[in-house]
There are 2 protein chains.
Amino acid sequence: MSASTEPVPHEGAFADPIYREAVADLLAAVGYGEISAFERLAEDAKLAPSLEDKLVLAAFASQQIAKVGPIRARLVNLGADPFAAMESFRSGFDAFHAHTAPSDWWEGLVKVYVGDGLANDFYREIAAFLDPGTRDLVLTTLEDTGQAEFVVERVLAGIAADPRLGGRLALWGRRLMGEALTQAQRVVADRDSLAGLLAGGVDMPGFDLAAIGRMFTRLTERHAERMTGLGLEH
Amino acid sequence: MSASTEPVPHEGAFADPIYREAVADLLAAVGYGEISAFERLAEDAKLAPSLEDKLVLAAFASQQIAKVGPIRARLVNLGADPFAAMESFRSGFDAFHAHTAPSDWWEGLVKVYVGDGLANDFYREIAAFLDPGTRDLVLTTLEDTGQAEFVVERVLAGIAADPRLGGRLALWGRRLMGEALTQAQRVVADRDSLAGLLAGGVDMPGFDLAAIGRMFTRLTERHAERMTGLGLEH
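Residues numbered from 1 in each chain as written. Chains lettered and ligands numbered in written order. Predicted model: local features only at pLDDT ≥ 70, side-chain atom pairs only at ≥ 80, totals over all residues. Heavy atoms only, no water.

### Re the overall build of chain A
Next, step 1: Within chain A one finds 11 helices and zero strands.
Next, step 2: For chain A, the sequential pattern of α-helices and β-strands runs α-α-α-α-α-α-α-α-α-α-α.
Next, step 3: Over its C-alpha trace chain A gives a radius of gyration of 18 Å, about what one expects of a compact globule, namely 17 Å for 234 residues.
Next, step 4: Dimensions of chain A, computed from the C-alpha atoms along their principal axes, are close to 60 × 40 × 25 Å.
Next, step 5: Expressed as a percentage of contacts within chain A between residues at least 6 apart in sequence, the contacts between residues at least 24 apart total 78%. (Helix = DSSP H or I, 4+ residues; strand = E, 2+ residues; numbered from the N terminus. Rg over C-alpha atoms; globule rule 2.2 N^0.38 Å. Contact = heavy atoms within 4.5 Å.)

Below you can see the structure in the form of structure tokens.
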């Protein structure tokens, strides 16, 4: 599927050029997100308090890059220019990262966990409306490779050693959530294709306004659960 | 061999505690070098003129990190603390990188090629004096994963498009060579174990002073060949 070099035929869901474009946009966003995650994790690795922690973050960064290949191949099969498609999401991601540059190791860790968690929840919500091939590719790309477990263990130990850290990181988590929602909403609003995917179409299920509201409630609840998992108030 | 979890027995060459220490030092230097290469390539990726080039450098960075695992395992088998051992080489590598921070994409590319080439030549010279297991691990770790080819292609195209670039990069290559030799010499001089490995021992071949001179001549010649490969004067 993802590693295939066959063009995706214009049939089934893909007979609809709007769906095709929406899938290409979605995959491009996921792909640029992986490249952006690599860059962020490589930056965070610099803040690591030990060489062992640095190596863990560098390995996480590497895992993100490995996930770009299948996305790129699928974009090519969809007839898109994969780099132009991914590039078009750069400003949104860069704006998010510019507004949420971690000031230390701990903020970096919480951002990995909260940011990836939110992005993954969001893409999983959308994946429910996709054809099975695209859905599998998106879900495989989003699979956690041990990052959440590492962050939770480290942050819980950090707060145990310095309880004041908890208050600061709780504020930081709220700020990350606000910035992420702001940027995600902008990205979707700027793209008719993605807004269309969320809204559904003639042959496609989608969200009505009330359903979108419920989706945001779910995203917020899962964020709250993650913060609780870190031992932080939300 | 490298992936084994068996301790390395104190027999053969490894019966000699000085050889054992020298091998641990050498592997730690190679291992820290890979982590350092990851960091440098991740930095260089930021300077990439296109998302495609950025992804290539990020993939190169990832490949370096994948090579640390077997080195780490071997250090553990030798009875060393792998992170303390690697950490002890940090200042030497950091000094080299602080003195050779590339100011743009081109300088970054040339540094990847010239720096890795030199380091690889140097470790290969030393590998000739190692037991087969260590030698295989070192040579596998140093295998080029396509970086040289990528750099040569990009730099030749860059110089073709802007011939003035060649003069600047030729100067840069000479500076890299000078800094690398200065730091490598310091690292070896600071380590009796590595100096001993080069000098040989009772049951071990090694370099006499004239042989060390010839080794540096070979390193310099290969550097000159690489610069010629880039279309640069040396």
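Having put the structure on the table, let's press on.
### Side note on the relation of the copies chain B and chain A
For the pair of chain copies, the relating transformation is a rotation about an axis with a translation along it.
Next, step 1: The operation relating chain B to chain A is a screw motion whose rotation component is 180°, with 0.0 Å of axial translation and a residual RMSD of 0.0 Å. In short, the pair behaves as if placed about a two-fold rotation axis. If distances are taken from each C-alpha of chain B to the rotation axis, the shortest is found for Ser-62 of chain B, at 2.3 Å.
Next, step 2: When the interface residues of chain B are mapped onto chain A, 100% of them are again interface residues, pointing to one common binding face. (Least-squares fit on C-alpha atoms with pLDDT ≥ 70 in both.)

### Digging into the packing of helix 1 (residues 17–46) of chain B against helix 3 (residues 68–77) of chain B
When two helices pack together, their arrangement is given by the angle between the helix axes and by the axis-to-axis distance.
Residue and element names in this part refer to chain B.
Next, step 1: Helix 3 packs onto helix 1 with a crossing angle of 155° between their chain directions and a minimal axis gap of 9 Å. As the angle between them shows, helix 1 and helix 3 are arranged roughly antiparallel. Relative to helix 3, the crossing made by helix 1 is left-handed. Here Arg-20, Ala-24, Leu-27, Ala-28, Val-30, Gly-31, Glu-34 and Ile-35 of helix 1 lie close against helix 3, whose contacting residues are Val-68, Ile-71, Arg-74, Leu-75 and Asn-77.
Next, step 2: Looking at side-chain class alone, the contact of helix 1 with helix 3 contains eight nonpolar, two polar and three charged residues. (Axes fitted to C-alpha atoms, helices over the stretch in contact; angles between N-to-C directions. Parallel < 35°, antiparallel > 145°, perpendicular 65-115°, else oblique. Left-handed = near helix turned anticlockwise from the far one by under 90°. Nonpolar A, V, L, I, M, F, W, Y, C, P; charged D, E, K, R; others polar.)

### Let's talk about the pattern of salt bridges
Next, step 1: In total, this model carries 34 salt bridges over all chains according to the counting rule given.
Next, step 2: A salt bridge links Arg-72 of chain B to Glu-52 of chain A, with the shortest nitrogen-to-oxygen separation between them at 3.6 Å. Taken together, the residues Arg-72 of chain B in helix 3 and Glu-52 of chain A in helix 2 (residues 51–66) connect one chain to another.
Next, step 3: The exposure class of Glu-52 of chain A is partly exposed, given its relative accessible area of 37%.
Next, step 4: Linked by salt bridges that have partners in common, Asp-121, Glu-125, Arg-218, Arg-222 and Arg-226 of chain A make up one network. (Salt bridge = Lys/Arg side-chain N within 4 Å of Asp/Glu carboxyl O. Buried < 20%, exposed > 50% of the residue type's maximum accessible area, 1.4 Å probe, protein only.)

### A short note on the interface of chain B and chain A
Next, step 1: Each side of the interface is counted separately: chain B has 22 residues, and chain A has 22 residues.
Next, step 2: In total, chain B and chain A occlude about 2,000 Å² of area from one another, counting both sides; carbon and sulfur atoms represent 71% of this.
Next, step 3: When the area that chain B buries against chain A is broken down by residue, the three leading residues are Leu-51, Leu-55 and Phe-83 of chain B, summing to 32%.
Next, step 4: For the interface between chain B and chain A, the tally reads six salt bridges.
Next, step 5: One salt bridge in this structure joins Glu-43 of chain A and Lys-46 of chain B, with 2.5 Å as the shortest N-O distance.
Next, step 6: In this structure, the connection of chain B to chain A is made through four residue pairs in polar contact (both at pLDDT 80 or more). (Buried area = accessible area lost by both parts, 1.4 Å probe. Polar contact = N/O pair within 3.5 Å; in protein donor to acceptor, adjacent residues only side chain to side chain.)

### Topic: the side chain of Glu-34 of chain B
All names here are of chain B.
Next, step 1: Structurally, Glu-34 can be placed in helix 1.
Next, step 2: Comment: no salt bridge for buried Glu-34; closest opposite-charge side chain is Lys-67, at 5.0 Å.
Next, step 3: What Glu-34 contacts, discounting residues up to four positions off in sequence, is Gln-64, Lys-67, Val-68 and Thr-141. (Lys, Arg positive; Asp, Glu negative; His and termini not counted.)

### Some thoughts on helix 6 (residues 105–127) of chain A
Residues and elements named next belong to chain A.
Next, step 1: Under the 1.5 Å per step criterion, the end-to-end length of helix 6 is 32 Å for 23 residues, consistent within 8% with the ideal 33 Å.
Next, step 2: For helix 6, a buried count of 20 out of 23 residues is recorded, marking the element as mostly surrounded by other parts of the structure.
Next, step 3: Between the side-chain oxygen of the N-cap and the backbone nitrogen of Trp-106 there are 3.2 Å, and the N-cap of helix 6 in question is Asp-104. (Expected span 1.5 Å × (residues − 1).)

### Description of the side chain of Asp-44 of chain B
Next, step 1: Assignment of secondary structure puts Asp-44 of chain B in helix 1.
Next, step 2: In this view, Asp-44 of chain B contacts Leu-57, Pro-102, Trp-105, Gly-108 and Val-112 of chain B; residues no more than four positions away in its chain are not counted.

### Side note on the nonpolar core
Next, step 1: Grouped together as the largest cluster of nonpolar side chains are 145 residues, with contacts concentrated most on Met-86 of chain A together with Met-86 of chain B.
Next, step 2: Other than its neighbours up to four places away in sequence, Met-86 of chain B contacts Leu-51 of chain A together with Ala-28, Gly-31, Tyr-32, Ile-35, Val-68 and Leu-75 of chain B. (Core = buried A, V, L, I, M, F, W, Y, C linked by side-chain atoms within 4.5 Å.)

### Some words on the packing of helix 6 of chain A against helix 8 (residues 147–161) of chain A
All names here are of chain A.
Next, step 1: Between helix 6 and helix 8, whose axes approach to 10 Å, the crossing angle comes to 140°. Here helix 6 lies oblique to helix 8, going by the angle between them. When you trace helix 6 past helix 8, the crossing you get is left-handed. Where helix 6 approaches helix 8, its residues Trp-105, Trp-106, Leu-109, Val-110, Val-112, Tyr-113 and Asp-116 are matched on the opposing element by Gln-147, Ala-148, Phe-150, Val-151, Val-152, Arg-154, Val-155 and Gly-158.

### Focus: the packing of aromatic side chains
All names here are of chain A.
Next, step 1: Scanning all chains against the criterion turns up nine aromatic pairs over all chains.
Next, step 2: On the basis of an interplanar angle of 50° and a centroid distance of 5.5 Å, the ring pair of Tyr-32 and Phe-93 is categorised as tilted. In this pair, Tyr-32 sits in helix 1 (residues 17–46) while Phe-93 sits in helix 5 (residues 90–99), placing the two residues 61 residues apart along the sequence.
Next, step 3: In this structure, Arg-191 packs its charged tip against the face of Phe-89, placed 3.8 Å from the ring centre. (Phe/Tyr/Trp six-rings, centres within 6.5 Å; stacked < 30°, edge-to-face > 60°. Lys NZ or Arg CZ within 6 Å of the ring centre and 35° of its normal.)

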